[in-house]
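Observations on the three-dimensional arrangement
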Amino acid sequence: MSLLVTGSIAIDTVSTPYGVSEDCLGGSSVYFSMAASFFTPVRLLGVIGSDCPFDLAKVFAGRDVDLTGLEVRENSKTFRWKGTYSDNMDDRRTDCLELNVLAEAPPRVPDEYKDSKYVFLANTAPALQLQLLEQIEKGVFAAADTMNCWIENELDDLKQLLKKIDCLIINEDEARMLADEHNLIKAAQKILDTGPSVVIIKKGESGSITYNSDGESFILPAFPAAEVKDPTGAGDSFAGGLMGYLAQVCKTDSESLKTAIAYGTVAASFTIADFSLQGLTSIDKTDIDGRFETLRKLTHF
Ligand code: AMP
């Protein structure tokens, strides 16, 4: 089933205890698309400036990622992000954020994308996420991600967005900040009260917890990964594996969601093994299914 993603396409510079990757390809929608394409065709909607050094057609060659919605804007500059990870690889500092093209008008949704049934609003300005959702036909399963800078600076837009989405995927510090509540269980309930029927809270190395408006919950640890070089994009790859699976099976019931969360967990475990997209581009679906089975055995008792 058709899966549409919009979010950032970035030039990243990332420092981790394992090295520095300068001016590499990143962005929330790029990681998402790469992970989701193992499961289902993806429609990517995004905008870059004419300075973008990456050929996205080459990056996604051989994968079912539709780039009709990729806009190259003359006289604009591509979004840039620079971040540094501490020794524990979980804490991250943003050193520099240049919104550039992300501060401009959103890309137009091509007519052929408008019938998408699964939509992921990856991390970008909530105003852009809202405007894009409004251009899609009703009756979709819409999920979104956000981050601290939008909670701090664009809270009103974010609250509007929360009323319109089905699922929020957010990390634990951001969930606490958004709900203004330290206890994660209470924070999840407060977020559910603002609109989405599912909230998935990512806890890095500690996995994820999920709550829905029917009072059901689900916890899953992270895949025990021996190789961790660069956690950038883990959250977006988690969302990509999750939404990719839901779109593949065309279901959003709670059992399917559990399987989807496990696939998201596995996709993220490959992303963190290397810098930029290399952890995902060096594997195939067999690798993903292998780790999925391992995770299933590890969590069964
Ligand atoms: P994650 O590690 O899953 O949070 O995703 C990291 C990716 O998100 C990087 O490739 C960044 O380019 C991108 N990113 C970082 N900050 C933002 C932001 N404020 N808006 C959109 N994308 C961002």
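See the structure shown above.
Residues numbered from 1 in each chain as written. Predicted model: local features only at pLDDT ≥ 70, side-chain atom pairs only at ≥ 80, totals over all residues. Heavy atoms only, no water.

A few words on the sheet that holds strand β5 (residues 65–73). On the basis of which strands lie adjacent, the open sheet formed by 9 strands has the order β5-β4-β1-β8-β9-β10-β11-β12-β13 and mixed pairing. Each of the sheet's edge strands pairs with one partner strand only, and the pair in question is β5 and β13 (217–220). The sheet shows a mean angle of 15° between the axes of neighbouring strands, direction not considered. Both strand β10 (residues 167–171) and strand β11 (residues 198–202) contribute to a ladder of 5 bridges, which runs parallel. Within β11, the residue paired with Ile-169 across the bridge is Ile-200. The strands touched by helix α1 (residues 28–36) within the sheet are β1 (3–6), β4 (42–49), β5 and β8 (118–121), with β1 carrying the most contacts at an inclination of about 160°. (Pairing = 2+ DSSP bridges. Helix = DSSP H or I, 4+ residues; strand = E, 2+ residues; numbered from the N terminus. Axes fitted to C-alpha atoms, helices over the stretch in contact; angles between N-to-C directions. Contact = heavy atoms within 4.5 Å.)

Now for the site of the ligand. Neighbouring the ligand are 21 residues; Asp-12, Gly-27, Arg-92, Gly-233 and Asp-236 lie closest to it. Between the ligand and Arg-92 there is a distance of 2.8 Å, counted from an oxygen atom to a side-chain nitrogen or oxygen. Relative to its unbound accessible surface of 510 Å², the ligand loses 94% to contact with the protein. Of all elements in the fold, only β2 (10–16), α1, β6 (79–85), β7 (92–98), α4 (148–153) and α8 (234–249) reach the threshold of two or more residues within the shell around the ligand. Considering every element that reaches the shell around the ligand, the biggest residue donor is α8, with 3 residues. Its residues assigned to classes, the shell around the ligand shows 10 nonpolar, 8 polar and 3 charged. (Near = heavy atom within 4 Å. Polar contact = N/O pair within 3.5 Å; in protein donor to acceptor, adjacent residues only side chain to side chain. Areas by Shrake-Rupley, 256 points an atom, 1.4 Å probe, with all protein chains shown as cover. Nonpolar A, V, L, I, M, F, W, Y, C, P; charged D, E, K, R; others polar.)

Next up on the list: the packing of aromatic side chains. According to the stated counting rule, one finds 5 aromatic pairs in the structure shown. With centroids separated by 4.6 Å and ring planes inclined at 5°, the aromatic side chains of Phe-32 and Phe-120 adopt a geometry described as stacked. One end of the pair, Phe-32, is in helix α1; the other, Phe-120, is in strand β8, and 88 residues separate them in sequence. Given a relative accessible area of 0%, Phe-32 falls into the buried group. Take Phe-120: its relative accessible area is 1%, and that puts it in the buried class. In this structure an aromatic cluster arises from ring pairing among Phe-39, Tyr-245, Tyr-263 and Phe-292. In this structure, Arg-291 packs its charged tip against the face of Phe-270, placed 4.0 Å from the ring centre. (Phe/Tyr/Trp six-rings, centres within 6.5 Å; stacked < 30°, edge-to-face > 60°. Buried < 20%, exposed > 50% of the residue type's maximum accessible area, 1.4 Å probe, protein only. Lys NZ or Arg CZ within 6 Å of the ring centre and 35° of its normal.)

Moving on: the side chain of Thr-124. Its place among the elements puts Thr-124 in the loop between β8 and α3 (126–134). Overall, the relative accessible area of 3% leaves Thr-124 in the buried class. Those residues in contact with Thr-124, other than ones at most four positions away along the chain, are Gly-7, Leu-102, Gln-129 and Trp-150.

For α1, a buried count of 9 out of 9 residues is recorded, marking the element as mostly surrounded by other parts of the structure. Among all positions of α1, only Ser-28, Ser-29, Val-30, Tyr-31, Phe-32, Ser-33, Met-34, Ala-35 and Ala-36 are buried.

All right, on to the packing of α1 against α8 then. Running from amino to carboxyl end, α1 crosses α8 at an angle of 40°, the nearest separation of the two axes being 7 Å. By the angle class used here, α1 and α8 are oblique. The way α1 lies across α8 gives a crossing that is right-handed. Residues Ser-28, Tyr-31, Phe-32, Ala-35 and Ala-36 of α1 touch α8, and the partners they reach there are Asp-236, Ser-237, Ala-239, Gly-240, Gly-241, Met-243 and Gly-244. (Parallel < 35°, antiparallel > 145°, perpendicular 65-115°, else oblique. Left-handed = near helix turned anticlockwise from the far one by under 90°.)

Let us now look at the packing of α3 against helix α5 (residues 155–164). Where α3 contacts α5, the two axes come as close as 8 Å, and the packing angle between them is 35°. Crossing of α3 over α5 shows left-handed handedness. Two secondary-structure elements touch here, α3 through Pro-126, Ala-127, Gln-129, Leu-130, Leu-133 and Glu-134 and α5 through Asp-157, Leu-158, Gln-160, Leu-161 and Lys-164. Residues belonging to the contact of α3 with α5 are distributed by class as follows: 6 nonpolar, 2 polar and 3 charged.

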